[in-house]
Amino acid sequence: MTIEREPDGNAMNAEALLEARGIRKSFGALKVLKGVDLTLARGEVVALIGPSGSGKSTLIRCLNMMEIPTAGTIHFHGKTIGREFRDAGDCTGIGTLRRHVGMVFQHFNLFPHKTVLENVTEGPIVVCGTPRAEAVAHALDLLSQVGLSQKRDAYPNHLSGGQKQRVAIARAMAMRPEVLLLDEVTSALDPELVGEVLAVIRRLVDDGITMAIVTHEMAFAADVADRVLFLDEGTIVAEGPPDETIRNPSNERLKAFVSRFNH
Amino acid sequence: MYKWNFDVLWQYWDLFLYGLWLTVVYTAGSIAFGVVIGLITCGARLSGWKSLSFIARLYQEIFRCTPLLVQLLWFYYAFPLLVGVSIDNRVAAMLTLSLYVGAFYAEIFRGGILSIDRGQREAAAAIGMSPMQSMTRIVMPQALKRMLPSFINQSVIQFKNTSLVSVISVADLAYMAAVVNGQTYRPLESYTVMALLYIAVLFPLTQIADLIERRLRVSD
């Protein structure tokens, strides 16, 4: 099976690689997202910041349909994402979306019954049908990029948190994603391990990978993001480049939020 | 003091052997059918389809909460009256044993699958796996490892539970021990031999199970 890397996008939306329109999401009576729009252009890095419970994680999880929005639509290359796993009619399937949009989780979620190398090759081999030799070669390259070549045969439970997260990033990159979604990837790490993971992400930013990042690392967000979205109580309250948001916020709520990180 | 005499039992070795053979057959058969029944029941319970889940639950509770002895008697004597066809005692025995162990297996399977962190399914989904791929490649291998001790345990109990089929005249090891006792008037020896034969089969099996478990633990 070969994977179409460049599906025909709508010419009108050539800029927008991944787009969320009017996203609402409720869990029972709890309204987590109250109508949010988000556009990711190719090569763009967007940071989502906001207090706990603001809906930023839910929003990023809607972008690869890990959460199915209560209302609103997700578009990839201008095509609407359907509710089915496979492509159906004009709609791109959820499975297709996820093959092109990678995700890294707060709690790593590595496969504990597989070695580091197997974790990274699993997607390409099983989902994309990549020949094993090719998948292994790519995985070893990725593992060396995240500095973990020597751990290829180790099991995840024998790794530190920082190492686990770097493997998780390699696993996501093994799918050669067009977009990478990072959901609080340093929040579960011991403080001294945060740096090594941020260094890996910074290299991906330098490589021009399109990214959405949910993070509490304000300095890092200000440093790597092209655009910052501030969410509060399920809506986007402020949006703009880091200079107008994190560094010099004008919005009162954003100002209060950011000031908590400056000390 | 009681004087043990095993010598008189030797001439009945073929009865013990045949009984042991039937015990093994009923255990292996009911475990095989039980796994199938357990998987179907577990699937029904986890299907999210309420009526299906309810029926599966009802079956489980009936078979888990009534004595196996009663189930055997019921299937052999009462069930044929209700449906109007007589059932061979061997069929009734195999059917009851399978339904009994299947109800327990279903719970072991369900517990194993539910014990796997939701993040595992999400990680599988995030690299584009279908729900089926996620289940067979990510969830099941981990769940199997966790299920193994309970599964072995239940199967060991099942091996011993088959002794109850003797009440509906299936000539298993317990039945044969009773026959030998009737012939020799040596109950202590007859039932001691029966117990030793159970140990002879089960002890090596539990040791092998331990070994497998240790092998599976390499990734921990």
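A quick note: this is a predicted structure, and the numbers were derived from the prediction, not measured. (Residues numbered from 1 in each chain as written. Chains lettered and ligands numbered in written order. Predicted model: local features only at pLDDT ≥ 70, side-chain atom pairs only at ≥ 80, totals over all residues. Heavy atoms only, no water.)

Novice: Pulling in residues and values, what's your account of the overall build of chain A?
Specialist: Along chain A, the regular secondary structure elements total nine helices and ten strands. For 263 residues, the compact-globule estimate of 2.2 N^0.38 gives 18 Å, and chain A sits close to it at 18 Å. Based on the C-alpha atoms only, the size of chain A along its principal axes is roughly 55 × 50 × 35 Å. Buried positions account for 56% of the 263 residues belonging to chain A. (Helix = DSSP H or I, 4+ residues; strand = E, 2+ residues; numbered from the N terminus. Rg over C-alpha atoms; globule rule 2.2 N^0.38 Å. Buried < 20%, exposed > 50% of the residue type's maximum accessible area, 1.4 Å probe, protein only.)

Novice: Go over the environment of Arg217(B), please, and point to the residues and values.
Specialist: All names here are of chain B. Mapped onto the fold, Arg217 is located in the segment after helix H8 (187–216). Using a relative accessible area of 44% as the deciding quantity, one classes Arg217 as partly exposed. Note: C-alpha distance between Arg217 and Leu114 (103 residues apart in sequence) is 20 Å.

Novice: Requested: an account of the packing of helix H5 (residues 118–126) of chain B against helix H6 (residues 131–161) of chain B, with residues and values cited.
Specialist: Residues and elements named next belong to chain B. Put simply, H5 and H6 touch, their axes get as near as 10 Å, and they point 155 degrees apart. In terms of axis orientation, H5 runs roughly antiparallel to H6. Classified by chirality, the crossing of H6 by H5 is right-handed. Along its contact with H5, which presents Gln120, Arg121 and Ala124, the element H6 presents Ser134, Ile138, Val139 and Gln142. Its residues assigned to classes, the contact of H5 with H6 comprises three nonpolar, three polar and one charged. (Axes fitted to C-alpha atoms, helices over the stretch in contact; angles between N-to-C directions. Parallel < 35°, antiparallel > 145°, perpendicular 65-115°, else oblique. Left-handed = near helix turned anticlockwise from the far one by under 90°. Contact = heavy atoms within 4.5 Å. Nonpolar A, V, L, I, M, F, W, Y, C, P; charged D, E, K, R; others polar.)

Novice: Residues and numbers for the pattern of salt bridges, please.
Specialist: Between side chains of opposite charge, pairing is possible as soon as their charged atoms come close. Residue and element names in this part refer to chain A. For the coordinates displayed, the defined rule picks out 22 salt bridges over all chains. The shortest N-O distance in the salt bridge between Asp153 and Arg152 comes to 3.7 Å. A relative accessible area of 54% places Asp153 in the exposed class. With a relative accessible area of 32%, Arg152 lands in the partly exposed category. The closest approach of N and O atoms between Asp243 and Arg247, which form a salt bridge, is 2.7 Å. Here Arg247 and Asp243 lie together in helix H8 (residues 243–247), a separation of four residues that amounts to about one turn. Classification of Asp243 as partly exposed rests on a relative accessible area of 46%. (Salt bridge = Lys/Arg side-chain N within 4 Å of Asp/Glu carboxyl O.)

Novice: Which residues make up the pairing of strand E10 (residues 235–240) of chain A, and what are the values?
Specialist: All names here are of chain A. Direction of pairing for strand E9 (residues 227–232) relative to E10: antiparallel, over a ladder of five bridges. Residue Val228 lies in a different strand from E10, and its bridge partner there is Gly240. Hairpin geometry of E9 and E10 is characterised by an intervening segment of two residues between the two adjacent antiparallel strands and by a positive phi of about 50 degrees at Glu233. (Pairing = 2+ DSSP bridges.)

Novice: So, H6(B): which residues are in play, and what are the values?
Specialist: In a regular helix each residue adds 1.5 Å, so 31 residues correspond to 45 Å; H6(B) covers only 37 Å between its end C-alpha atoms and thus falls short of that length. Along its length, H6(B) reaches its greatest deviation from straightness, about 45 degrees, at Met147(B), and the proline Pro149(B) lies no more than four positions downstream. (Expected span 1.5 Å × (residues − 1). Bend = angle between axes of the 7 residues up to and from the residue.)

Novice: Any chance you could break down the confidence of the model for chain A for me, citing the residues and the numbers?
Specialist: Summing up the model confidence of chain A, the mean pLDDT is 91 and the portion of residues at 70 or higher is 94%. Low confidence marks residues 1–14 of chain A, where pLDDT is under 50. Its contacts with residues over four positions away, or in another chain, come to 23 contacts. (pLDDT = per-residue confidence, 0-100.)

Novice: How would you summarise the sheet that holds strand E5 (residues 79–80) of chain A if you had to cite specific residues and measurements?
Specialist: By way of backbone hydrogen bonds, the strands of a sheet pair with one another, either parallel or antiparallel. All names here are of chain A. The sheet built from four strands is open, its strands ordered E2-E1-E4-E5 with antiparallel pairing. Single-partner strands in this sheet number two, and they are strand E2 (30–41) and E5. Here nine bridges tie strand E1 (residues 16–27) to E2, and the two strands are oriented antiparallel to one another. Following the sheet pairing, Ile23 is matched in E2 by Val36. Sheet strands in contact with helix H1 (residues 56–63) are E1, E2 and strand E4 (71–76), and its direction is about 55 degrees off that of E2.

Novice: Can you lay out the sheet that holds strand E8 (residues 210–214) of chain A for me, pointing to particular residues and giving the numbers?
Specialist: All names here are of chain A. Taken in spatial order, the six strands make up an open sheet running E6-E7-E8-E3-E9-E10, and their pairing is mixed. Edge strands, defined here as strands with exactly one partner in the open sheet, are strand E6 (101–104) and E10. On average, each strand axis in the sheet is inclined to that of its neighbour by 20 degrees, with strand direction left out of account. Here E6 pairs with strand E7 (residues 179–183) via four bridges, running parallel.

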